[in-house]
Amino acid sequence: MTAIAIVGAGLIGRSWAIVFARAGLSVRVWDPDPDVLERLPADIAAMIDDAGADPAVADQVTAIPTLAEALDGAEWVQENGPEKLEVKRALFADIDRLAAPGAILASSSSALMPSAWSEGLAGAARCLVAHPVNPPHLVPVVELCPSARTAPEAMDRAEALFRDVGQVPARLNHEIGGFVLNRLQAVLLAESLRLVSEGVISVKGLDDTVRHGLGRRWAFMGPLETILLNAPDGVPDYMRRYGPMLAALTDGAARGEAFTEDAGGIVAEAFPGTLIRDRQDWRDRELAALDRHLRSRIERNN
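The notes below deal with the structure included here. (Residues numbered from 1 in each chain as written. Predicted model: local features only at pLDDT ≥ 70, side-chain atom pairs only at ≥ 80, totals over all residues. Heavy atoms only, no water.)

Let's talk about the overall build of the chain
- The helix and strand inventory of the chain stands at 12 helices and 8 strands.
- Taken along the three principal axes of its C-alpha coordinates, the chain extends 60 × 45 × 45 Å.
- In the chain, which comprises 302 residues, the share counted as buried stands at 37%.
- Carbon and sulfur atoms form 58% of the exposed surface of the chain, whose accessible area is close to 16,500 Å². (Helix = DSSP H or I, 4+ residues; strand = E, 2+ residues; numbered from the N terminus. Buried < 20%, exposed > 50% of the residue type's maximum accessible area, 1.4 Å probe, protein only. Areas by Shrake-Rupley, 256 points an atom, 1.4 Å probe, with all protein chains shown as cover.)

Quick look at the environment of L195
- Secondary-structure assignment places L195 in helix 7 (residues 181–197).
- When near neighbours in sequence (up to four residues on either side) are disregarded, L195 contacts V200, I201 and L206. (Contact = heavy atoms within 4.5 Å.)

Describing the sheet that holds strand 4 (residues 76–79)
- With mixed pairing, 8 strands are arranged side by side in an open sheet as 3-2-1-4-5-6-7-8. In the strand order of this sheet, the two ends are held by strand 3 (61–63) and strand 8 (168–171), each with one partner. The mean inter-strand angle of the sheet, taken between neighbouring strand axes irrespective of direction, is 25°.
- Inspection of the sheet shows strand 6 (residues 127–132) paired to strand 7 (residues 141–146) by 5 bridges, in the antiparallel sense. (Pairing = 2+ DSSP bridges. Axes fitted to C-alpha atoms, helices over the stretch in contact; angles between N-to-C directions.)

So, the environment of E286
- For E286, the position within the fold is in helix 12 (residues 276–301).
- Measuring from C-alpha to C-alpha, the distance between E286 and T226 comes to 24 Å, with 60 residues separating the pair along the chain.

Things to note about helix 7
- Between the first and last C-alpha of helix 7 there are 24 Å, a value that for 17 residues agrees with the 24 Å anticipated at 1.5 Å per step.
- Looking at helix 7, one finds that the buried residues are A190, S192, L193 and V196.
- Residues of helix 7 that are buried make contact with helix 8 (203–218) and helix 11 (261–269).
- Directly beyond the C-terminal end of helix 7, a positive phi value near 75° is found at G199. (Expected span 1.5 Å × (residues − 1).)

Observations concerning the packing of aromatic side chains
- Tallied over the entire structure, the rule returns 6 aromatic pairs.
- Taking the centre distance of 5.4 Å and the plane angle of 45° together, the rings of W16 and F162 count as tilted. In this pair, W16 is assigned in helix 1 (residues 11–21) and F162 in helix 6 (residues 152–164), connecting sequence segments 146 residues apart. Like F162, W16 is buried.
- With a centroid separation of 5.4 Å and 90° between ring planes, the pair formed by W76 and F162 is classed as edge-to-face. (Phe/Tyr/Trp six-rings, centres within 6.5 Å; stacked < 30°, edge-to-face > 60°.)

Some words on the pairing of strand 7
- With respect to burial, strand 7 is a largely interior element, 5 of its 6 residues being buried.
- In terms of strand pairing, strand 7 meets strand 8 through 4 bridges, oriented parallel. Bridged to E143 within strand 8 is A170.
- The parallel pair strand 7 and strand 8 is bridged by helix 6, and the resulting crossover is right-handed. (Right-handed = clockwise from strand over helix to strand, strands pointing away.)

Observations concerning the pairing of strand 6
- Most of strand 6 sits inside the fold, with 6 of its 6 residues counted as buried.
- Taken together, the 3 bridges between strand 5 (residues 104–107) and strand 6 define a ladder with parallel strand orientation. Following the sheet pairing, L105 is matched in strand 6 by C127.

Okay, here's the thing in structure tokens:
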């Protein structure tokens with residue numbers, strides 16, 4: 001049985017613990033804050049209950065008081081520390097020193113490329129980013145990003161592990177800022193903010209366009225398969241029909257200038273009195289229901 005070490009027991013770390021535990025793996029969790037570790041069993045139990053998972057999953061997760069004990073014998077390490085380069089470098093120096101030589105060392109970083117924090121490590125060849133979507137126990141895709149020093153064998157093992165635990169690995173061939181998901185998200189969000197700021201559409205209208213339009217298709221197929229199916233003769237036909245029009249729209253699309261305080265204020269005003277934590281809990285319940293539905297359809301179609 002593969003032993004998993006989770007370093008950092010915040011929201012993402014706890015969610016990763018559930019991903020690995022529900023696959024039957026032994027999960028050891030360490031956090032530098034003793035209070036976080038003390039709350040871990042209750043937090044894990046609550047997340048499992050909200051997700052509608054088997055309560056016995058919690059039995060696979062153990063809080064460990066020291067980093068060395070958590071790493072002892074682990075074959076996979078999933079780090080979830082702060083998005084601060086110097087903090088991550090120092091943390092991975094300890095992890096690389098303490099972890100077994102054959103262990104893969106992965107970071108959940110959403111912004112820091114693996115070359116930035118693995119530079120100078122003796123074990124840089126076993127380091128990579130495994131970037132989830134929040135929360136990973138409800139949204140299965142995980143971006144696997146190597147540095148130039150990451151061994152192909154480490155990427156192969158990472159891809160195999162995440163498939164085995166029910167996630168959907170998206171393997172990058174080389175590192176790039178923001179990886180893939182955040183680069184796609186940034187472009188869509190910039191144009192969304194611009195359209196709302198210019199009064200083209202309301203915040204609700206914009207969200208409804210994605211929620212009940214693009215999002216309906218994107219829940220089960222990506223944008224590239226979408227264009228394959230949106231022209232009678234496939235992608236070449238689509239490019240001939242729609243390429244020039246879409247290229248013109250893209251040339252005038254919003255970029256970094258769209259991310260302003262004024263735009264943020266317009267969005268915030270559309271959600272008066274929203275209790276963020278309550279809305280996050282609602283989101284997670286909806287994601288859990290959608291995840292169960294989509295997984296059941298995949299199982300039926302296989």
